[in-house]
Amino acid sequence: YAQRLEVLKLQLLEEGEKKPSNYLDDLVANSPGETLRLLEGVYHCYYISSFGYRVKREPFLIRYDARQKTYQVRKGNKQSPAWYEGFGYMSNNHLFTIQIAEKNTLSVDNFMAHFHLPPLYAETMEMLKGISISMSNSNLPIARKIILHRVDNYSSLADFNALETVFFGEQEGQDHPIVQYLRSQTSFIEYLPIPYPDYAPQDLVKENKVKELI
């Protein structure tokens, strides 16, 4: 009995020393490469910017990083007002998820988005629709519809860096289906800053009054 007890103690010690499984690392490691390879390329990324509430189009890149053994994601390049870098993975069979962080800024915005994927037998992945969560210009959470439109299948850094960020004015992009879609739909959910918040339910009443004013 004493010998069995010692064996049991050793087993418990060994289990205690094992590192707990990291959920995110597991998702990245187990993401199917054959699907992610189909997503590699240069894209235009469209959404309603909280800077002036205009449709914004900026460069977007998905490419395999052999050194890190991950799929690198970039949103915006060094020509853009802001640029982000991070990684992408499959969060399930139907969702491609990205997690990226703003670079060269004192106040880091962590940007996350889920994109719905077509079935594997689909013949094209020209466009992906998604929902993003990030920080608005007032440092409050904002959720937005976000659309990726493929520019090139080859994930060339030169092609990516050559793309410009564009803000579409009110009279611009009238014949562009993505711009018109984002303008005609409820394309974002945003909390608004209020004066002297109490961080209590009465703040919601104040926020509704702010919405009426704007």
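Let me begin by describing the structure that accompanies this report. Keep in mind that this is a model prediction, so the values were computed, not measured.

### What to know about the overall build of the protein
For step 1, the next point in the chain: Helices and strands together make up the secondary structure of the protein, namely six helices and ten strands.
For step 2, the next point in the chain: Of all 214 residues assigned to the protein, the portion counted as buried reaches 37%.
For step 3, the next point in the chain: Restricting to contacts in the protein with at least 6 residues of sequence separation, those with at least 24 account for 47%.
For step 4, the next point in the chain: When the accessible surface of the protein is totalled, it reaches about 13900 Å², and 55% of it is carbon and sulfur.

### Description of helix 5 (residues 177–184)
For step 1, the next point in the chain: What helix 5 keeps buried is the set Ile178, Val179 and Leu182. One side of helix 5 holds all its buried residues, which, seen down the axis, span an arc of 100°. Exposed and facing more than 90 degrees away from the buried side of helix 5 are Pro177 and Ser184.

### A closer look at the pattern of salt bridges
For step 1, the next point in the chain: A complete count under the given rule lists four salt bridges for this structure.
For step 2, the next point in the chain: Glutamate 85 is paired through a salt bridge with arginine 74; the nearest N and O atoms lie 3.1 Å apart. Of this pair, glutamate 85 sits in strand 4 (residues 84–92) while arginine 74 sits in strand 3 (residues 70–75), and the two are eleven residues apart along the sequence.
For step 3, the next point in the chain: Ionic pairing is found between lysine 206 and aspartate 198, a salt bridge with its closest N-O pair at 3.4 Å.
For step 4, the next point in the chain: A residue is classified by how much of its surface remains accessible, and lysine 206, at 27% relative accessible area, is partly exposed.
For step 5, the next point in the chain: Linked by salt bridges that have partners in common, Lys56, Glu58 and Lys75 make up one network.

### Quick look at the nonpolar core
For step 1, the next point in the chain: In terms of nonpolar packing, the biggest core is built from 23 residues, with Leu39, Phe60, Ile62, Phe96, Ile98 and Phe115 touching the most fellow members.
For step 2, the next point in the chain: Taken together, the elements giving at least two residues each to this core come down to helix 3 (33–39), strand 1 (41–48), strand 2 (55–65), strand 3, strand 4, strand 5 (95–102), strand 6 (110–116) and strand 8 (141–152).
For step 3, the next point in the chain: With residues near it in sequence (within four places) discarded, phenylalanine 115 still touches His94, Leu95, Phe96, Ile98, Leu128, Lys129, Gly130, Ile146 and Leu148.

### Here we look at helix 6 (residues 202–213)
For step 1, the next point in the chain: Taking 1.5 Å of rise per residue, the twelve residues of helix 6 would be expected to cover 16 Å, and the 17 Å separating its terminal C-alpha atoms lies within 8% of that figure.
For step 2, the next point in the chain: Those residues of helix 6 not exposed but buried are Asp203, Glu207 and Val210. Considered in projection along helix 6, the buried side chains sweep an arc of 55° and stay on one side of the axis. Along helix 6, exposed side chains directed more than 90 degrees from the buried face belong to Lys209 and Glu212.
For step 3, the next point in the chain: Buried residues along helix 6 sit in contact with strand 10 (188–190).

### Some words on the packing of aromatic side chains
For step 1, the next point in the chain: Applying the stated criterion across every chain yields a total of eight aromatic pairs.
For step 2, the next point in the chain: Pairing tyrosine 43 with phenylalanine 60 gives two aromatic rings, centres 6.3 Å apart and planes at 85°, and the pair type is edge-to-face. Here the residue tyrosine 43 occupies a position in strand 1, and phenylalanine 60 occupies one in strand 2, the gap between them amounting to 17 residues. Just as tyrosine 43 is buried, phenylalanine 60 falls in that class too.
For step 3, the next point in the chain: Taking NZ or CZ as reference, lysine 75 lies 4.7 Å from the ring centre of phenylalanine 111, over its face.

### Observations concerning the pairing of strand 8
For step 1, the next point in the chain: Taken together, the five bridges between strand 1 and strand 8 define a ladder with antiparallel strand orientation. When the bridges of strand 8 are listed, tyrosine 46 appears paired with isoleucine 147.
For step 2, the next point in the chain: Where strand 7 (residues 127–135) and strand 8 come together, nine bridges link them in antiparallel fashion. Residue pairing for strand 8: leucine 128 is matched across the bridge by leucine 148.

Reading the values: the criteria
- Residues numbered from 1 in each chain as written.
- Predicted model: local features only at pLDDT ≥ 70, side-chain atom pairs only at ≥ 80, totals over all residues.
- Heavy atoms only, no water.
- Helix = DSSP H or I, 4+ residues; strand = E, 2+ residues; numbered from the N terminus.
- Buried < 20%, exposed > 50% of the residue type's maximum accessible area, 1.4 Å probe, protein only.
- Contact = heavy atoms within 4.5 Å.
- Areas by Shrake-Rupley, 256 points an atom, 1.4 Å probe, with all protein chains shown as cover.
- Arc of directions from axis to C-beta.
- Salt bridge = Lys/Arg side-chain N within 4 Å of Asp/Glu carboxyl O.
- Core = buried A, V, L, I, M, F, W, Y, C linked by side-chain atoms within 4.5 Å.
- Expected span 1.5 Å × (residues − 1).
- Phe/Tyr/Trp six-rings, centres within 6.5 Å; stacked < 30°, edge-to-face > 60°.
- Lys NZ or Arg CZ within 6 Å of the ring centre and 35° of its normal.
- Pairing = 2+ DSSP bridges.

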